[in-house]
Every structure is written in structure tokens, then in C-alpha cells.
Amino acid sequence: MDFEVIAENLPLYGQGLLVTLALLVLSLAFGMLFALPLAMLRSMPSAWAWRPVWLFTYVIRGTPLLAQLFLLYYGLAQFEAVRESLLWPYLRSAWFCAVAAFTINTCAYTTEILHGAMRALPAGEIEAAQSLGMSRWVILRRIVLPHAFRRALPAYGNEVVLMLHATSLASVVTLYDLTGAAREIHSRYYMPFEAFITAGVGYVLITVVLVALFRAAERRWLAPLMAHGARG
């Protein structure tokens, strides 16, 4: 291991780290923003409401993220109508396409996670809220969603870590994230071990922090709920 090369290129890794974190935060934020209403539709009894959402999540979860990213960044450019549209300045941007692909992907998984958590809500809690005269919106806001977010913490924590690893695909569309920085250093010095092991250490450190945050959140919000359920 040539630690001198690693030390000389730490600023490049630092820039890649910032890009990785930005991709992760933006994709998770937008993914959750869209997943919440989709999960509500997915939980509705009407097939007209839940079937389109189910189809969306089935297709996105059933296809590779890399293929989705390539279709957005490379595929849409082949259509003249797209190149002449008002969206072209965005669709030709690697940043926009990467965030869009990651958002769509994590949105599909998060939708199913929230949907499963909503279905796990005991029917007695809904009936108790209805007996108190709560409206459907109040029940959703005060009973269903808080319960769903708590129940979804372990699964969503795994999704966040998987999304972190998935951001490494951004390097194939010319973005210099952690993996992109490692590829650049490898192309300069032809030292794959130094380049990619350093990037791997970066991903491990971020993962450790994320896991610790979600474990703390589970102890704070989920553990009391599970203890209450065990006593009941």
C-alpha cells in the first residue's frame, strides 16, 4: 500500500465524499416525499388506486438501478422530441439524471416499506380512534403515520445503507463521487488497491454512522412500542 499516494489525493476523496452524501440526501429526501402519498394510495381498498402504485414498485424493484440510470441519462437523448423539449437542459445533466434515477428507485422501495408498516397497524387502534369521533385525516395523521414510521425504521435503515452503496453507480455517468474519485486515482497511478480500498473505507465509515443513527432512533421510538406490544 502506497500511503503517500492516498495522502496526496485526500482532497479528491473529500470532494467525492461530499458528492456521495449530496446524492444520498437528495435522493432519500425526494424519495420519501413521493413515497408517502404513494404508500397511502397503495393501502387503499380500491384497485384503481393501489394497482398503478403496485405496478410502479414492481417494475422499479424488478429492474437493475444501473439500467434505470442508463435509460435516463443515455436513453432519452436519442429522441429528438426530448432534445427539443424544455426538460432537455435538465435531462442532459448527469447530476439531475443521477438524482432522478436514485429517487425513483428508493421511492419504490420506500413505498413498499411504508405500505407494509401501515398494514401492520392493529385494527383495534383504528376502531378506538373511530369510536372517539376522529376523522379519517386525523386518524391518518395521529395514528397511522406515526405508527408506520416507527415500524418502518429497521427496514428503512437497511434501505438507506443500500442507497448509499447504490450511489457508487453515479461514477458511470461522469460524476466524481467516492467511487469516481477512486477511478480517477486508479487511472492516474494504476494502483487499484490504494484507490478502491480507500474509497471502500469511506463507505464503511459512512455506513457505521448511518447504522448508529438508526439504532439510536429505534431505541428512542421503536423499542417502547415493541415493549408495549409485548405486554399487551
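First things first, this report covers the structure right here in the doc. Only a predicted model underlies this, so the values are computations on that prediction, with no experimental measurement involved. (Residues numbered from 1 in each chain as written. Predicted model: local features only at pLDDT ≥ 70, side-chain atom pairs only at ≥ 80, totals over all residues. Heavy atoms only, no water.)

## Details of the overall build of the chain
Helix and strand content of the chain: eleven helices and zero strands. Along the chain direction, N to C, the helices and strands of the chain fall in the order α-α-α-α-α-α-α-α-α-α-α. In terms of principal-axis extent, the alpha carbons of the chain reach across some 70 × 50 × 25 Å. Of all 232 residues assigned to the chain, the portion counted as buried reaches 41%. Contacts in the chain between residues far apart in sequence, at least 24 positions, make up 79% of those at least 6 positions apart. Looking at the chain as shown, the accessible area adds up to about 13400 Å², and 69% of this sits on carbon and sulfur atoms. Each charge sign in the chain was given a centre, from 17 positive and 13 negative side chains, and these centres are 17 Å apart. (Helix = DSSP H or I, 4+ residues; strand = E, 2+ residues; numbered from the N terminus. Buried < 20%, exposed > 50% of the residue type's maximum accessible area, 1.4 Å probe, protein only. Contact = heavy atoms within 4.5 Å. Areas by Shrake-Rupley, 256 points an atom, 1.4 Å probe, with all protein chains shown as cover. Lys, Arg positive; Asp, Glu negative; His and termini not counted. Charge placed at Lys NZ, Arg CZ, Asp CG, Glu CD.)

## Describing the nonpolar core
Counting 38 residues, the largest nonpolar core has Tyr13, Leu23, Phe102 and Met163 as the members making the most contacts within it. Looking at this core, the elements that each hand over two or more residues are α2 (10–42), α4 (65–75), α7 (94–119), α9 (136–166), α10 (178–189) and α11 (192–231). (Core = buried A, V, L, I, M, F, W, Y, C linked by side-chain atoms within 4.5 Å.)

## Some details on the side chain of Thr198
Mapped onto the fold, Thr198 is located in helix α11. A distance of 2.6 Å separates a polar atom in the side chain of Thr198 from the backbone oxygen of Glu194. Among residues more than four places away in sequence, those in contact with Thr198 are Ile6, Tyr13 and Phe193. (Polar contact = N/O pair within 3.5 Å; in protein donor to acceptor, adjacent residues only side chain to side chain.)

## Considerations on the packing of helix α8 (residues 123–131) against α9
Their axes nearest at 11 Å, the elements α8 and α9 cross at an angle of 145°. Here α8 and α9 pass one another in a crossing that is right-handed. Residues Glu125, Ile126, Ala129 and Gln130 of α8 form the contact with α9, whose own contacting residues are Ile139, Ile143 and Val144. Class assignment of the residues belonging to the contact of α8 with α9 gives a composition of five nonpolar, one polar and one charged. (Axes fitted to C-alpha atoms, helices over the stretch in contact; angles between N-to-C directions. Left-handed = near helix turned anticlockwise from the far one by under 90°. Nonpolar A, V, L, I, M, F, W, Y, C, P; charged D, E, K, R; others polar.)

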